[in-house]
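Residue-level listing of the chains:
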Amino acid sequence: MDSISRLSSALTDRYTIERELGQGGMATVYLAHDVRHDRKVALKVLRPELSAILGADRFLQEIKTTANLQHPHILPLHDSGEADGMVFYVMPFIEGESLRDRLTHEQQLPVDDAVRITREVAEALDYAHRQGVIHRDIKPENILLHDGRALVADFGIALAVSRSEGGTRMTETGMSLGTPHYMSPEQAMGEREVTAKSDVYALGCVLYEMLTGEPPFTGPTAQAIIARVMTEEPRSLTLQRRTIPQHVEAAAVAALAKLPADRFQTAAQFAEALANPAFASTASTASTAATAATALSAATAPTASTALTASIALTAIFALLAAWGWLGRPDPPAQRVARHLVELADNVGVRRSGAESALAISPDGLRIAFVSDSGDGLLWVRRLDELRPQPLLGTDGARWPTFSPDGEWIAFVRRGGLEKVRTDGGATIKLADSVSSSFGGVAWLDDDTMIFSDEGLGLRRIDAAGGPVSEWLTPASGRGEAAPTPLPDARGVLFLSCSSNCVDMAVRVLDFESGEVHVVAEEAVRGWYLPTGHVVYVRRDGAALAAPFDLGSLSVTGPAVPVLEGVQITTRFPQLAVAENGTLLYGMGATGGIQQLSIVSVDRAGQVIDVDSTWSGSFNSFALAPDGRAVAVGVGLGGGRDIWIKRLDDGLFTRLTFSGVDRRPAWSPDGMSVAFVRDTLTGGDVYVRDADGLNPDRVLARTDRMVQAVEWSRDGQWLVLRTDNTDAGRGDILGVRLSGDTGATPLVASPYEELHPSLSPDGRWIAYTSNESGQQEVYVRPFPATDGGRWQVSIGGGSHPRWSPDGRELFYLSGGRLIAARVADGPAFAVAERAPLFAMNVALLIDGFHTTYEVTPDGQSFLFISTPFVRPDEAVTGRLVLVENWFVDVFDRMGQ
């Protein structure tokens, strides 16, 4: 017979059991009908192993004390007893919700509601304390909300357990009294004499959570939470939410004092302080001292004596926690790392073709946001407790999503502007212009301001509600700053510092207090601060490393340890987001970095073959010779970038240039020479050298603008250049004659972004990518008289045009596929047909700004730079991975 049947049978003349309502660490709760009084009640049955150890008679005797508590904010005890060996007690069934339920769906409460609930609970506590009863387990689960007022449940039950016959043997049950997020320091240390001030502390934690959305101390494990309770001060309330009155913060600070003597003497004093605006001035000294203590502890190393004291205290805590569990809440599962593949909606994927981040996760880890791979990209949001994501209409073209600290808004970059939208949809709100889209990013700080990368690739700051923009960091010459992520308490930001077209990359930190900037990690593509006290950063090869990080000095204080591998990187930035609760979200496998890559051939059906399975390197660009027998390859990082030649017939791989700053090769029409960009950081000199390497390199063209791409016309008379996106016009296409007037002539120059120039074999047409319509599309113009017409080739988004060798097809990328547009016969340009060839394998790298692929001379295959290729039947590459309790894994790998 199951427990419900046994219980129903034993109590048949008194209570009718209707259904189970839930289970906690101490009891199972049932909805029952009180037969004698014809009313609904909540009947709680102690866990059998607990009642066996505690002693039923002594326990029932102790809880009679609580039956005498009569207060409008205390849930009374109706009945108690033993039935068929099961110990039970009965309380009224409340139609409504618990405070935990309300926090789950609202996260943060209005300030007035939070203060009112706290005062009502404080009144109940004060009454009980004057009767000699201490609750010992104040938490949102034990505060019920009924007809707009708070009712405290399970009053005195924890005390009854502690005093009962088995109270001295609690470790045998694997339980303790209290819940770690709300446990006072003295209760966490296991002191037997816990006073009323412990309840005041717990209520302070509840108030803190109602105002900010989380308790003052969180962590991946109970040990980590208690360690923070013992050694840290809570973060400022007003820095997280500026609408909180000063006297409310001051009251919370006083309630959360580490020493009981520094707290309110009674719960009534706590309630009075919350109602007294003048309390802010009387308590300002204590609040300031607490804030100063936080800064001091972060900025200075502990003395030997304090370190020893802390070590002894933490050792005692961990010894207790190793033996104890938690009473009065559902048994928490073991903190185990769990990894899941995240499925999205049908025909909706995550954008992987751009140079920006496309993923975000809310601070509480309950929602994810992503930019879709369809069209120009639309923001979608998925709650992790729901099966399908929902689109946020009106956000097409979104880039760089990031959640607000309260998780209710998403900021994003779109078409050169900074915008925000509520997570449940609605109208978008524009906050700022002149924002960098591809090389950008947004950090939403916990003081409700944002840091973003502007068009000049510096960092600017704006209030999340809008208003004037202030400049915070102007980049050094030839350098750009992007991908900012916040530090706690608006202390500063981590950001990517990039130069020489991101061949040189480092994660740096900007200290808001001093204005100083210094390097955190070299050769890293993005970094985040973790609540565990670490900074984690991703390298170009897709590996993530963590290192201890001091928030006082904003510096790494120990060696970095690998904590994750196989993070997807699209062109420059990793697809990774991490929540404050330890949930990690990342794209797996398709690393877009430029280390140890290979060149592969893909046929029109999508079959991938290594050009040379023994050949790989740090390739940053390439070009196929006109006869298809050799590849010119840009190789290397930093100051070691040069052009090499790979012969495809005999496999020889020889170095062509030796300056250390050469990239972006382009073959001459006869295949005898290779042009390339010599990256001086201040100009755009194009050099050329004979492919056999016998003669010195020489200047082929000069321009006062940075050059990012070179295309050589089939007749050898023209060079087509694409300028840098940081220049005026955000990237223009220029033409340079190689004889006669060699000055640079604008071919396509507009306020929009022009990319990927490609000349037709007969020299009549130039194809290119532009975002003039609001999204990237492929266009064609006559060449060299580009004002003679303009035709759009792609539909619904397109980029990276390349001509077939016979000029009868124009290939381009769209929606994650390679498309072949057949060119109609006739004097005017027209597209006769568009046909998809194959879906892009996730291992094939797409460079948002430069040539991504080459077409072989027969027009039947395409060369790509690729990460190590994985067959589709073996791959989960490119899939989204969700990791729960990732901080546990970080601690394990760090040896903590």
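1. Details of the overall build of the protein chain
- When you go through the protein chain residue by residue, the secondary structure sums to 16 helices and 59 strands.
- Counting across all 896 residues of the protein chain, residues that qualify as buried make up 58%.
- Sequence separation of at least 24 residues holds for 50% of the intrachain contacts in the protein chain that already meet a minimum separation of 6.
- Carbon together with sulfur atoms contributes 50% to the accessible area of the protein chain, which is approximately 35,200 Å² in total.

2. Thoughts on empty space enclosed by the protein
- Enumeration over the complete set of coordinates arrives at five cavities of 30 Å³ or more.
- The volume enclosed by the second largest cavity comes to roughly 40 Å³.
- Surrounding the second largest cavity, His-756, His-800, Pro-801, Arg-802, His-850, Thr-851, Thr-852 and Tyr-853 form its lining.
- Top element by residues in the lining of the second largest cavity is strand β53 (residues 799-803). It accounts for three residues.
- A breakdown of the residues in the lining of the second largest cavity according to their chemical character gives two nonpolar, five polar and one charged.

3. Overview of the packing of helix α5 (residues 111-130) against helix α8 (residues 196-212)
- At a closest axis distance of 10 Å, the pairing of α5 and α8 adopts a crossing angle of 165°. Relative to α8, the element α5 is oriented roughly antiparallel. Crossing hand, α5 versus α8: right-handed. Only Ala-196, Asp-199, Leu-203, Leu-207, Met-210 and Leu-211 of α8 make contact with α5, whose side of the interface consists of Val-111, Ala-114, Ile-117, Thr-118, Val-121, Ala-122, Leu-125 and His-129.
- Here the residues of the contact of α5 with α8 sort into 11 nonpolar, two polar and one charged.

4. Digging into the sheet that holds strand β36 (residues 608-610)
- Reading across from one edge, β36-β35-β58-β57 is the order of the four strands in this open sheet, with antiparallel pairing throughout. Both edges of this open sheet fall to β36 and β57 (853-855), since each of them pairs with a single strand only. Averaged over neighbouring strand pairs, the angle between their axes works out to 30° when direction is ignored.
- Note: β57 against strand β58 (residues 861-866), three bridges, orientation antiparallel. Looking at the pairing, Glu-854 lines up with Leu-863 of β58.

5. Topic: the packing of aromatic side chains
- As enumerated under the stated definition, the model contains 22 aromatic pairs in all.
- A centroid spacing of 4.9 Å and a plane angle of 45° characterise the contact between Trp-615 and Phe-619, whose relative ring orientation is tilted. For the residue pair Trp-615 and Phe-619, the accessibility class agrees, reading buried in each case.
- Through pairs of rings, three or more aromatic residues link up here, namely Phe-811, Phe-838, Tyr-853, Phe-862 and Phe-864.
- Sitting over the ring of Trp-472, Arg-461 keeps its end group 4.6 Å from the ring centre.
- The ring centre of Tyr-687 lies 4.3 Å from the NZ or CZ of Arg-678, which sits over that ring.

6. Let's talk about the pairing of strand β42 (residues 673-679)
- Of all seven residues in β42, seven are buried; the element is thus mostly enclosed.
- What you see with β42 is no split at all: Ser-673, Ala-675, Val-677 and Asp-679 on one side and Val-674, Phe-676 and Arg-678 on the other are buried throughout.

7. Side note on the pattern of salt bridges
- Per the stated rule, a full pass over the model turns up 42 salt bridges.
- Notably, a salt bridge pairs Asp-79 with Arg-14, separated by 2.4 Å at the nearest N-O pair. Of the two residues, Asp-79 sits in strand β4 (residues 79-83) while Arg-14 sits in the loop between α1 (3-10) and β1 (15-23), which places them 65 residues apart along the sequence.

8. Describing the nonpolar core
- Counting 52 residues, the largest nonpolar core has Leu-99, Ile-117, Phe-155, Met-210, Phe-264 and Phe-270 as its most contacted members.
- Every residue in contact with Phe-264, bar those within four places of it in the chain, is listed here: Lys-197, Val-200, Ala-251, Ala-254, Ala-255, Gln-269, Phe-270, Ala-273 and Phe-279.
- Membership of the second largest hydrophobic core comes to 43 residues, among which are Trp-409, Phe-452, Val-538 and Val-567.

9. Details of helix α16 (residues 886-893)
- Along α16, six of the eight residues are buried, which leaves the element largely enclosed by surrounding structure.
- Taken together, the buried positions of α16 are Trp-886, Phe-887, Val-888, Asp-889, Val-890 and Phe-891.
- A positive phi of about 75° marks Gly-895, the residue just after α16.

10. Considerations on the environment of Val-45
- You can see Val-45 is positioned in strand β3 (residues 39-46).
- Val-45 sits in the buried class, given a relative accessible area of 7%.
- Val-45 sits 36 residues away from Gly-81 along the chain, and the two C-alpha atoms are 9.7 Å apart.
- Beyond its immediate sequence surroundings of up to four residues, Val-45 is in contact with Leu-7, Met-26, Ala-27, Thr-28, Tyr-30, Met-86, Val-87 and Phe-88.

11. Observations regarding the packing of α8 against helix α12 (residues 267-274)
- Between α8 and α12, the shortest axis-to-axis distance is 10 Å and the interhelical angle comes to 30°. By the angle class used here, α8 and α12 are roughly parallel. For the crossing formed where α8 meets α12, the hand is right-handed. In this structure, α8 uses Val-200, Leu-203, Gly-204 and Leu-207 to contact α12, whose residues at the interface are Ala-267, Phe-270 and Leu-274.
- Tallied by class, residues from the contact of α8 with α12 come to six nonpolar, one polar and no charged.

12. Points about the sheet that holds strand β51 (residues 777-782)
- Taking strand neighbours across the sheet as the criterion, the four strands line up as β49-β50-β51-β52 in an open arrangement whose pairing is antiparallel. Two strands bound the open sheet, and with one partner strand each, they are β49 (754-759) and β52 (791-792).
- Looking at chain direction, β51 and β52 are connected through two bridges and run antiparallel. In the strand pairing of β52, Val-780 is matched with Trp-791.

13. Focus: unusual backbone geometry
- Geometrically, the link from Phe-783 to Pro-784 is a cis peptide bond, its omega value of 0° lying close to zero.
- One non-glycine residue, Gln-107, adopts positive backbone phi at about 70°.
- Within the element layout of this structure, Gln-107 appears in the loop between α4 (99-106) and α5.
- A positive phi angle, close to 65°, is found at Asp-448, a residue other than glycine.

14. Notes on α8
- Compared with an ideal rise of 1.5 Å per residue, which puts 17 residues at 24 Å, α8 spans 25 Å between its outermost C-alpha atoms and is within 8% of the ideal.
- Counting buried positions along α8 yields 16 of 17 residues, so the element is predominantly enclosed.
- Gly-213 occupies a position one or two residues after α8 and carries a positive phi of about 100°.

15. Section: the environment of Leu-837
- Residue position: Leu-837 is located in strand β56 (residues 831-839).
- As for Leu-837 and Asp-603, which are separated by 234 residues in sequence, their C-alpha atoms are 9.0 Å apart.
- With sequence-adjacent residues up to four places away left out, Leu-837 is seen in contact with Arg-604, Phe-811, Arg-817, Leu-818, Ala-820 and Phe-862.

16. Focus: the side chain of Asp-446
- By the secondary structure assignment, Asp-446 is in the loop between β18 (442-444) and β19 (449-453).
- Assessed through its relative accessible area of 9%, Asp-446 is described here as buried.
- One polar contact links Asp-446 to Arg-235, side chain to side chain, over a distance of 2.4 Å.
- A distance of 2.8 Å separates a polar side-chain atom of Asp-446 from the backbone nitrogen of Asp-489.
- Residues in contact with Asp-446, not counting those within four places in the same chain, are Arg-235, Leu-239, Gln-240, Pro-405, Leu-487, Pro-488, Asp-489 and Ala-490.

Definitions and cut-offs
- Residues numbered from 1 in each chain as written.
- Predicted model: local features only at pLDDT ≥ 70, side-chain atom pairs only at ≥ 80, totals over all residues.
- Heavy atoms only, no water.
- Helix = DSSP H or I, 4+ residues; strand = E, 2+ residues; numbered from the N terminus.
- Buried < 20%, exposed > 50% of the residue type's maximum accessible area, 1.4 Å probe, protein only.
- Contact = heavy atoms within 4.5 Å.
- Areas by Shrake-Rupley, 256 points an atom, 1.4 Å probe, with all protein chains shown as cover.
- 1 Å grid on protein atoms, 1.4 Å probe; cavity = no way out; pocket = protein on both sides within 12 Å on 5 of 7 lines; lining within 4 Å.
- Points joined across faces, edges and corners; volume = space filled by probe spheres on them.
- Nonpolar A, V, L, I, M, F, W, Y, C, P; charged D, E, K, R; others polar.
- Axes fitted to C-alpha atoms, helices over the stretch in contact; angles between N-to-C directions.
- Parallel < 35°, antiparallel > 145°, perpendicular 65-115°, else oblique.
- Left-handed = near helix turned anticlockwise from the far one by under 90°.
- Pairing = 2+ DSSP bridges.
- Phe/Tyr/Trp six-rings, centres within 6.5 Å; stacked < 30°, edge-to-face > 60°.
- Lys NZ or Arg CZ within 6 Å of the ring centre and 35° of its normal.
- Salt bridge = Lys/Arg side-chain N within 4 Å of Asp/Glu carboxyl O.
- Core = buried A, V, L, I, M, F, W, Y, C linked by side-chain atoms within 4.5 Å.
- Expected span 1.5 Å × (residues − 1).
- Polar contact = N/O pair within 3.5 Å; in protein donor to acceptor, adjacent residues only side chain to side chain.

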